[in-house]
Amino acid sequence: MSQAGQEAESLPYALVKLTPEIVQVLAQFTPKLSNAFANRAPPKAFRFGIGDTLSVTIFEAAAGGLFIPVEAGVRPGNFITIPNQAVDNNGNISVPYAGAIRAKGKTPVEVQQAIVSALSNRAIEPQAVVSLVDQRTSLISVLGAVHSAGRFPASASGERVLDVITRAGGPSMQGYDTWVTLERAGHRASVPFGALVYEPSNNIYVLPNDTIYLYSQPQTFVAFGAAGTQGQYKFDAWRISLAEAVGKHGGLSDSLADPRSVFLYRGETREVAERLGVDCSKFQGPIIPIIYNLNLRDPSGYFLAQAFDIRNKDVVYTSNSPLVETTKFLFFLRTVMATANDPIIYATNAYALKAAINGAAPTTIVNPPPSIVIPR
């Protein structure tokens, strides 16, 4: 249930009553790495890239072949190790008598098979072992608020986000104020650090060439209106609910607040607003101003407030009770009447005091209340 603001002078907005269905929709759009990246599987087999340094060892079945001379008795074995070499800009390595062997994008087993195939007609039952000496391409970058930022070789067995952050020394600041951004192939998503710890689905596998950035951003919300206290408050946690936010700023004032009129102001994307049932045709831009209304006179409202998550920079406002406005008017009316009546009282008291000083008989003066004329 929603409606847009009607006043032309004010900014348009949509009013949404908080219901269990609304809370469920918003829960689906909570920032999660598991939703932001489709590929959540562990990395596939390691593949060489340009700049990686390889070691190649070639074995022959008997002496007198291409690499093992006849007088091989003094040799430690029937193999030869080629000097280490890096994959060149063309993606190849060079193997004697085999020529250029494609290595870029290949696994160690595939490179070994290519070498054996190229030497099969020249060496005696050749076999090859290819190993990685220095990894320069399949790296993961970790930077920001960590103890040891740097680029780390990707593990062939697969590592998750928390594993890589641990290799960088862990966060250098409070966990509940720390955010984690994962960038992959031009796509970026951010979640609180606590979401990785308390929601394991967010702790996805990292892939080669991923970038992980940790930064500190204390989350805050603003509360004002008929509340216990007003001001800006820190979460001091990685996530808090609307119920916790209301309690954090002192709750509702018994003498001022209207429990039916607790409002939360937030900007939502068009996709979220449409799912909430808002007519977005009246709004311009990608962000739709939304005002959520919570009714705490209904006992179920407390459960909704507990399930509704506060987001950074939200604004919580509690409206005054209608009786407060009546009280204000009566107080104003009493002030006006007192302003008119006070000089008469002061003069009367002064006259009585003067008479008492002069020894005159006390005089009783009755000040009739001002008459109230009711218009017909």
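Each chain carries its own residue numbering, running from 1 in the written order of its sequence. With the structure being a predicted model, the display of local features is reserved for residues of pLDDT at least 70 and the display and counting of side-chain atom pairs for 80 or more, all residues being used for whole-chain, interface and lining totals. As a rule here, side-chain values come from all non-hydrogen atoms in the structure, and water together with hydrogens is ignored.

(A) Examining the sheet that holds strand 4 (residues 79-86) more closely. The 3 strands are arranged 4-3-7 in an open sheet whose pairing can be described as antiparallel. The open sheet has two edge strands, strand 4 and strand 7 (127-134), and neither has a second partner. With direction set aside, neighbouring strand axes in the sheet form an average angle of 20°. Any two strands are treated as partners once DSSP identifies two or more bridges connecting them. Labels follow the DSSP assignment, with helices taken as runs of H or I lasting at least four residues and strands as runs of E lasting at least two, numbered in each case from the N terminus. The pairing of strand 3 (residues 53-59) with strand 7 spans 7 bridges and is antiparallel. For Ser55, the partnering residue across the bridge sits in strand 7 and is Ser131. Note on contacts: a residue pair is in contact if any heavy atoms of the two residues lie within 4.5 Å. Under this scheme, a helix contributes an axis fitted over its contacting stretch, all axes are lines through C-alpha atoms, and angles between N-to-C directions fall in the 0 to 180 degree range. The strands touched by helix 3 (residues 108-119) within the sheet are strand 3 and strand 7, with strand 7 carrying the most contacts at an inclination of about 140°.

(B) A look at the layout of surface pockets. A volume near 410 Å³ is recorded for the largest pocket. Each cavity reported here is a set of points on a 1 Å grid over the protein atoms alone in which a 1.4 Å probe fits but cannot get out, each pocket an open set with protein on both sides within 12 Å along at least five of seven lines, and each lining residue one with an atom within 4 Å of a point. Looking at the largest pocket, it is lined by 21 residues, and the ones nearest its centre are Thr30, Pro31, Asp309, Ile310 and Arg311. By residue number, the principal contributor to the lining of the largest pocket is helix 1 (residues 20-28), which donates 3 residues. Grid points are joined across faces, edges and corners, and a volume is the space filled by probe spheres set on the points.

(C) Fine view of the packing of aromatic side chains. Only Phe, Tyr and Trp rings take part, Trp by its six-membered ring, and two of them pair if their centres are within 6.5 Å. Stacked means planes under 30 degrees apart, edge-to-face means over 60, and tilted covers everything else. All told, the structure shown has 9 aromatic pairs when counted by the stated rule. The interplanar angle of 50° and the centroid separation of 5.2 Å between the aromatic rings of Phe224 and Tyr317 together place this pair among those described as tilted. In this pair, Phe224 sits in strand 13 (residues 220-225) while Tyr317 sits in strand 17 (residues 314-320), placing the two residues 93 residues apart along the sequence. Residue Tyr317 is classed as partly exposed on the basis of its relative accessible area of 25%. The residue whose ring lies beneath Arg160 is Tyr205, and the NZ or CZ to ring-centre distance is 4.1 Å. Residue burial is assigned from relative accessible area. The probe radius is 1.4 Å, only protein chains are included, and a residue is buried under 20% of its type maximum, exposed over 50%, and partly exposed in between. Only Lys NZ and Arg CZ are tested; either one counts as a charge over a ring when it is within 6 Å of the ring centre and within 35 degrees of the ring normal.

(D) Inspection of the environment of Arg260 at higher detail. Along the chain, the position of Arg260 falls in strand 15 (residues 257-269). By relative accessible area, Arg260 is classed as partly exposed at 42%. For the pair Arg260 and Leu296, spaced 36 residues apart in the sequence, the C-alpha separation amounts to 5.5 Å.

(E) Region of interest: the pattern of salt bridges. The rule for a salt bridge is simple: a side-chain nitrogen of Lys or Arg has to be within 4 Å of a carboxyl oxygen of Asp or Glu. This structure, assessed with the given rule, holds 11 salt bridges. Measuring nitrogen to oxygen at the nearest pair gives 2.7 Å for the salt bridge that ties Arg136 to Asp134. Residue class for Asp134 comes out partly exposed when judged on its relative accessible area of 26%. We note a salt bridge from Lys248 to Asp236, for which the minimum N-O separation is 3.8 Å. One end of the pair, Lys248, is in helix 6 (residues 242-248); the other, Asp236, is in the loop between strand 14 (231-234) and helix 6, and 12 residues separate them in sequence. Residue Lys248 is classed as partly exposed on the basis of its relative accessible area of 34%. Taking relative accessible area as the criterion, Asp236 reaches 43% and is therefore assigned partly exposed.

(F) Layout of unusual backbone geometry. With phi around 75°, Asn209 is a residue other than glycine that occupies positive phi space. With respect to the element layout, Asn209 can be found in the loop between helix 5 (193-198) and strand 12 (211-216). Here Asn209 falls in the exposed class, since its relative accessible area comes to 52%. Positive phi is not limited to glycine here, since Lys313 has a value of about 75°. In this fold, Lys313 is placed in the loop between helix 8 (300-307) and strand 17.

(G) A look at the side chain of Asn312. Inspection of the secondary structure puts Asn312 in the loop between helix 8 and strand 17. Think of a polar contact as two N or O atoms within 3.5 Å of one another; within protein, one of them needs to be a possible hydrogen donor and the other a possible acceptor, and neighboring residues in sequence only count if both atoms come from side chains. At a separation of 2.9 Å, a polar atom in the side chain of Asn312 contacts the main-chain amide nitrogen of Thr220.

(H) Spotlight on the confidence of the model for the chain. The predicted model of the chain has a mean per-residue pLDDT of 84, with 82% of residues at 70 or higher. Note that residues 372-376 has pLDDT below 50 and, in this model, 0 contacts with residues that lie over four places away or in other chains. The predictor reports its confidence for every residue as pLDDT, a score running from 0 up to 100.

(I) Just the sheet that holds strand 9 (residues 150-153), in detail. Taken together, the 5 strands give an open sheet; going across it, the order is 9-8-12-10-11, and neighbouring strands pair in mixed fashion. Pairing within the sheet leaves two strands with one partner each, and these edge strands are strand 9 and strand 11 (187-192). Strand after strand, the sheet turns through a mean of 20° between neighbouring axes, direction not considered. Pairing between strand 10 (residues 178-184) and strand 12: 6 bridges, direction antiparallel.

(J) Seen up close, the nonpolar core. Here, the term nonpolar core denotes a set of buried Ala, Val, Leu, Ile, Met, Phe, Trp, Tyr and Cys residues that are joined through side-chain atoms within 4.5 Å. In terms of nonpolar packing, the biggest core is built from 33 residues, with Phe221, Leu242, Val278, Tyr292 and Ile310 touching the most fellow members. Residue assignment for this core shows that the elements contributing at least two residues are strand 2 (14-17), helix 1, strand 13, helix 6, strand 15, helix 7 (270-275), strand 16 (287-294) and helix 8. Those residues in contact with Leu242, other than ones at most four positions away along the chain, are Leu18, Leu264, Leu294, Ala305, Phe308, Ile310 and Val316. Grouped together as the second largest cluster of nonpolar side chains are 24 residues, Val146, Ala168, Val206 and Leu214 included.

(K) Inspection of the environment of Val129 at higher detail. Here Val129 is to be found in strand 7. Looking at Val129, the relative accessible area reads 41%, which means it is partly exposed. Residues Val129 and Thr57, 72 residues apart in the sequence, show an inter-C-alpha distance of 5.2 Å. Val129 has contacts with Ser55, Val56, Thr57, Phe59 and Gln112, leaving out every residue within four places of it along the chain.

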